[in-house]
Amino acid sequence: MIRNRPAALRHAAALATLLALAAGCARQAPAVAPPVAASPALIPLPVSLTPESGQFVVTATTRIHARAGAADGVARQFADLLARTTAFDLPVDSGDPATAGIHFILAAPRKDTSPEAYVLHVGEDGVRIEAGDAHGLFNGAMSLWQLMAGPRADAVALPAMRIEDAPRFAWRGVMLDSARHFWSVDQVKALLDVMATHKLNTFHWHLTDDQGWRIEIKRYPRLTEIGGCRVPQGEAGRRADGTPDLYCGHYTQAQIRDVVAYAAARHITVVPEIDVPGHAQAAVAAYPEHGVVDGPTQPSHDWGVNPYLFNPREETLQFLEGVLAEVIDLFPGPYVHLGGDEAVKYQWQASPAVQAHLRALGLKDEEALQSYMLKRLESFLEEHGRRLVGWDEIIEGGLPPQATVMSWRGIDGGIVAASQGHDVVMTPGDTLYLDFLQTDLPDEPPGRPKFTPMQKIYAFDPVPAALPAGQRHHILGVQANMWTEHTRTWERLQHNLFPRLAALAEIAWTPARHKDYDGFLERLPAQLQRYRALGIAYGQTALSVAMQRHDDRAGNRVQVELANPLGYADIRYTTDGSAPTARSPAYTAPLTLQVPTDLKAATFVDGRPLADSASRWTLDAASLLTRTDKTLAQCPQGGRLLLRLEDDTPVDGPRETFDVTLFNPCWLWEDAQVQDIASVQVRAGRIPYNFGLLREEEAKRGFRPAVAAHGEFEVRDGCDGPLLASVPLPAAPDADGFITLHAPLRVPAGGRADLCMTFSGDTRPAMWVLKQVVLRP
Ligand code: ACM
């Protein structure tokens, strides 16, 4: 598995050997409990790591030393983190640098290094972390914490080594969308805690959107009173008595100050986002006079692209400056994000007043009008010592002079902006959006099943090869974005963020020449242990086993291929119902299994299972006749914008998920063996259809026309092929939210068919979604 190891990784491997020895030596120390080998498996990998001879054993009697000031502050943070996540509750004193122990030393800053740089030395007499700045000391503390946060033990042997380290990029960001779903202050702080241990230093906080305004603005209280609550579409939006069950949430200014201070203590800068001029429906609901259309609206319950825009007139710019004045007061960091994304201009185009204003300003078009607004707000920010960041659409009407661009529609926006001399943060959607699922496993939570696996994140280089060398310094860094339309719970948020943020941390921090995915996989188990120490419920799917099956119904057999989604090679399986162990048969080639078989499999690293539980499949005769929304394909024609959506019921308790495309929804069972099949039994649910689409997109969305009053469930042989089955749909699902239909099947000549299944008719604001299909002989 190990190929072309860079020097630092060879050192890491050498260290692993040393560690084994170190653990052995230290075991002979009489008064000390058996030490656990600390792993040098740092993530992100440092610039250089040089093993030295000897070791230092940390025990309950070890002291942490720091002189007063910043070093003392970092030392105490380190001691607190250790106390919270390990068996060590070590005192901090201002002891003399000559004594043994763990020393935090603020040295004279070096002009040629980043304030985030540090040196960590482990010798026989203790540990010294030195840096010219508190941020560097903190980074060193995070590395030392990583070395110590192994399985809980009373002593840890640290092998002697010297780490010299500094970041590749200054902007190492994570964006959290608190607008679509709201995250409590404690949850945000928990995220900041873990970001810090990854040396991620920028928290982009998406605080306003169509579906909710989440930041208290004292001079405009209705922004949160009205804009902070929406009525969710579907059953989840109604109480038993039929009254609306509002989804509300906002941060008070005191809470924001608390979060900003918490982040600052961890050397994380918070970048607030106030989205202008689009994604403004919640604000316009609160202050309709600052929108464009007459009449009231509400915060949206539709995901996607909504048409509400801020008005470009002077009064609204002053209103937005009023908002920004409070934002600037709350967020001391240098950047304020003003959005600029996905602002469809329909309302401006339709408004005579906006059109007159555009002409009076002598502007060419609506893009120029958006640019005019952003330039004006940029001047306001600059006057207050802040810099504007915006999504890459801000390039279109002409960039505000000092703007930093976040490239999300791929990397091209970033290349254009950097070529024009603007700073750039790379956050391409198809690589760094964490609402995209991380595996193709059926138990991934709701999101966009356009996969962003760990490998794809790890392979991303934020500096495009196409960018001339002279412009590369404009790439400030890289960021992963966690949009939360489909992420409703903290458990799922953690699943989506971790462990993928480990790959982000490495591409953001580690020199490109050290990049090595296999080495990363070797270090990842130690990172998972750190997540456990921090109480983080990281995602299990990528650690489990994925299965591809090829059914042979005539032979009552299934051919099965197994793989770990991250690429770990050691997969063990059983077929007797027992849990796989490191001594179970190793998977080396596709298995041909006679049904019924109870197949279990797990990924192993160093003899230990990687995931918390084994993957399991019941391969029986019924399974040969059954497919679900997760195991069916979509029609090649028109089946676009695949989403994994969640049911709206039950209001409390676990809900089903459905894979469905928004354009011409269909589910396809390719090459089904149907020679002896009499009917198709389908189980379907009904969920809200709540998506805003661009007009030209909406026009491409379609259904087959309904014939019966409520439409029908239809099966064709191929998506444009002959009808094989059709059964009318009821007006509404059963009490459990589902229906079960039986559709007699006309078997085509040859006994095989590409079963293409659809629901006819446009049933918005709800849609039927297939859950399971069973072929009935
Ligand atoms: C975005 O994803 N609309 C920036």
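Residues numbered from 1 in each chain as written. Predicted model: local features only at pLDDT ≥ 70, side-chain atom pairs only at ≥ 80, totals over all residues. Heavy atoms only, no water.

An unreviewed UniProt entry lists the protein chain under the name beta-N-acetylhexosaminidase, from Stenotrophomonas mori. Listed in UniProt under the heading Catalytic activity (unreviewed entry), the comment for the protein chain reads: "Hydrolysis of terminal non-reducing N-acetyl-D-hexosamine residues in N-acetyl-beta-D-hexosaminides." Looking at the protein chain in UniProt, the text filed under Sequence similarities (unreviewed entry) is "Belongs to the glycosyl hydrolase 20 family." (UniProt positions renumbered as here; feature names shortened; annotations may be inferred.)

A. Representation of the sheet that holds strand S21 (residues 475–482) in the model. Judged by pairing direction, the barrel is parallel, and its eight strands sit side by side in the order S9-S10-S15-S17-S18-S19-S20-S21 before closing back on the first. Strand after strand, the sheet turns through a mean of 30° between neighbouring axes, direction not considered. Pairing between strand S18 (residues 387–391) and strand S19 (residues 404–407): three bridges, direction parallel. Note that in S19 the partner of Gly390 across the bridge is Val405. On top of the sheet, helix H16 (residues 500–509) reaches strand S9 (171–177) and S21; it is set at about 175° to S21, its chief contact. (Pairing = 2+ DSSP bridges. Helix = DSSP H or I, 4+ residues; strand = E, 2+ residues; numbered from the N terminus. Axes fitted to C-alpha atoms, helices over the stretch in contact; angles between N-to-C directions. Contact = heavy atoms within 4.5 Å.)

B. Local environment of the pairing of strand S35 (residues 712–717). Within S35, five of the six residues are buried, which leaves the element mostly enclosed by the surrounding structure. Between S35 and strand S36 (residues 723–728), which pair antiparallel in sequence order, lie five residues; one of them, Gly718, sits at a positive phi of approximately 85°. (Buried < 20%, exposed > 50% of the residue type's maximum accessible area, 1.4 Å probe, protein only.)

C. Highlighting the packing of aromatic side chains. Counting across every chain of the model gives 22 aromatic pairs. Centroid distance Tyr220 to Phe319: 4.3 Å. Interplanar angle 40°. Geometry classified as tilted. Here the residue Tyr220 occupies a position in the loop between strand S12 (212–213) and helix H5 (222–225), and Phe319 occupies one in helix H8 (residues 314–330), the gap between them amounting to 99 residues. Looking at Tyr220, the relative accessible area reads 15%, which means it is buried. Exposure remark for Phe319: the relative accessible area of 3% places this residue in the buried category. Here the basic side chain of Arg266 rests over the ring of Tyr262, its NZ or CZ set 3.5 Å away from the ring centre. (Phe/Tyr/Trp six-rings, centres within 6.5 Å; stacked < 30°, edge-to-face > 60°. Lys NZ or Arg CZ within 6 Å of the ring centre and 35° of its normal.)

D. Just the pattern of salt bridges, in detail. Summed over all chains, the structure comprises 46 salt bridges. Beyond isolated ion pairs, a larger network of salt bridges with shared partners links Asp177, Arg180, Asp209 and Glu485. (Salt bridge = Lys/Arg side-chain N within 4 Å of Asp/Glu carboxyl O.)

E. Here's a closer look at the packing of H8 against helix H11 (residues 366–383). It is at 10 Å that the axes of H8 and H11 come closest, and there the two elements cross at 40°. The angle between H8 and H11 falls in the class oblique. When the axes of H8 and H11 are compared, the crossing they make is right-handed. Where H8 abuts H11, its residues Glu314, Leu317, Gln318, Leu320, Glu321, Leu324, Ala325 and Ile328 lie against Tyr372, Met373, Arg376, Leu377, Phe380 and Leu381. Along the lines of polarity and charge, the residues of the contact of H8 with H11 split into ten nonpolar, one polar and three charged. (Parallel < 35°, antiparallel > 145°, perpendicular 65-115°, else oblique. Left-handed = near helix turned anticlockwise from the far one by under 90°. Nonpolar A, V, L, I, M, F, W, Y, C, P; charged D, E, K, R; others polar.)

F. How the structure looks around the state of the cysteines. Applying the stated rule across the entire model yields four disulfides. Put simply, Cys719 and Cys756 are joined by a disulfide, and their sulfur atoms are 2.4 Å apart. As the torsion about the S-S bond is roughly 100°, the Cys719-Cys756 disulfide counts as right-handed. Here Cys756 lies in strand S38 (residues 752–759) and Cys719 lies in the loop between S35 and S36, a separation of 37 residues in the sequence. (Disulfide = S-S within 2.5 Å.)

G. Representation of the sheet that holds S36 within the structure. Taking strand neighbours across the sheet as the criterion, the four strands line up as S32-S38-S35-S36 in an open arrangement whose pairing is antiparallel. Among the strands making up the open sheet, the edge pair consists of strand S32 (667–673) and S36. Within this sheet the neighbouring strands show an average axis-to-axis angle of 20°, counted without direction. With five bridges connecting them, S32 and S38 associate as antiparallel partners. Across the sheet, residue Leu668 finds its bridge partner in S38, namely Cys756.

H. View of the UniProt feature "domain: Beta-hexosaminidase bacterial type N-terminal" (unreviewed entry) in the protein chain. In the UniProt entry, the feature "domain: Beta-hexosaminidase bacterial type N-terminal" (unreviewed entry) is given for residues 40–166. In residues 40–166, helix accounts for 24% and strand for 35%; the two terminal C-alpha atoms are 17 Å from one another.

I. Examining helix H15 (residues 490–497) more closely. Most of H15 is tucked away, with six of its eight residues classed as buried. The set of residues buried in H15 consists of Arg492, Leu493, Gln494, His495, Asn496 and Leu497. Residues of H15 that are buried sit in contact with S9, helix H4 (185–197), S21, H16 and strand S30 (642–646).

J. Focus on the side chain of Thr59. Along the chain, the position of Thr59 falls in the loop between strand S2 (48–58) and strand S3 (64–66). A distance of 2.9 Å separates the side chain of Thr59 from the side chain of Thr61, its partner in a polar contact. (Polar contact = N/O pair within 3.5 Å; in protein donor to acceptor, adjacent residues only side chain to side chain.)

K. Quick peek at the side chain of Ser679. By the secondary structure assignment, Ser679 is in strand S33 (residues 679–688). Dropping the residues within four chain positions of it, Ser679 is found in contact with Ala743, Pro744, Leu745, Val774, Leu775 and Arg776.

L. Quick look at the environment of Gln298. Within the secondary structure, Gln298 is located in the loop between helix H7 (281–286) and strand S16 (303–304). For Gln298, a relative accessible area of 55% gives the class exposed. Separated by 379 residues in sequence, Gln298 and Ile677 have C-alpha atoms that sit 50 Å apart. The contact partners of Gln298, leaving out residues within four places of it in the chain, are Gln281 and Ala285.

M. Unusual backbone geometry, seen in detail. The peptide bond linking Val276 to Pro277 adopts the cis configuration, its omega dihedral lying at -5°. Phe498 connects to Pro499 through a cis peptide bond whose omega is 10°. Not every positive phi belongs to a glycine, and Asp671 is a case in point at roughly 50°. Inspection of the secondary structure puts Asp671 in strand S32.

N. Spatial organisation of empty space enclosed by the protein. One pass over the structure, following the stated rule, counts one cavity of 30 Å³ or more. Size it by volume and the largest cavity reaches roughly 70 Å³. Taken together, Pro665, Trp667, Phe703, Phe759, Ser760, Gly761, Thr763, Met767 and Trp768 make up the lining of the largest cavity. (1 Å grid on protein atoms, 1.4 Å probe; cavity = no way out; pocket = protein on both sides within 12 Å on 5 of 7 lines; lining within 4 Å. Points joined across faces, edges and corners; volume = space filled by probe spheres on them.)

O. Spatial organisation of the environment of Ala502. Positionally, Ala502 belongs in helix H16. For Ala502, a relative accessible area of 0% gives the class buried. In this structure, the C-alpha to C-alpha distance between Ala502 and Leu200, residues 302 residues apart in sequence, is 9.7 Å. Sequence-distant contacts of Ala502, that is, excluding residues within four places in its chain, are made with Ile43, His198, Phe520, Leu524, Gln527 and Tyr531.

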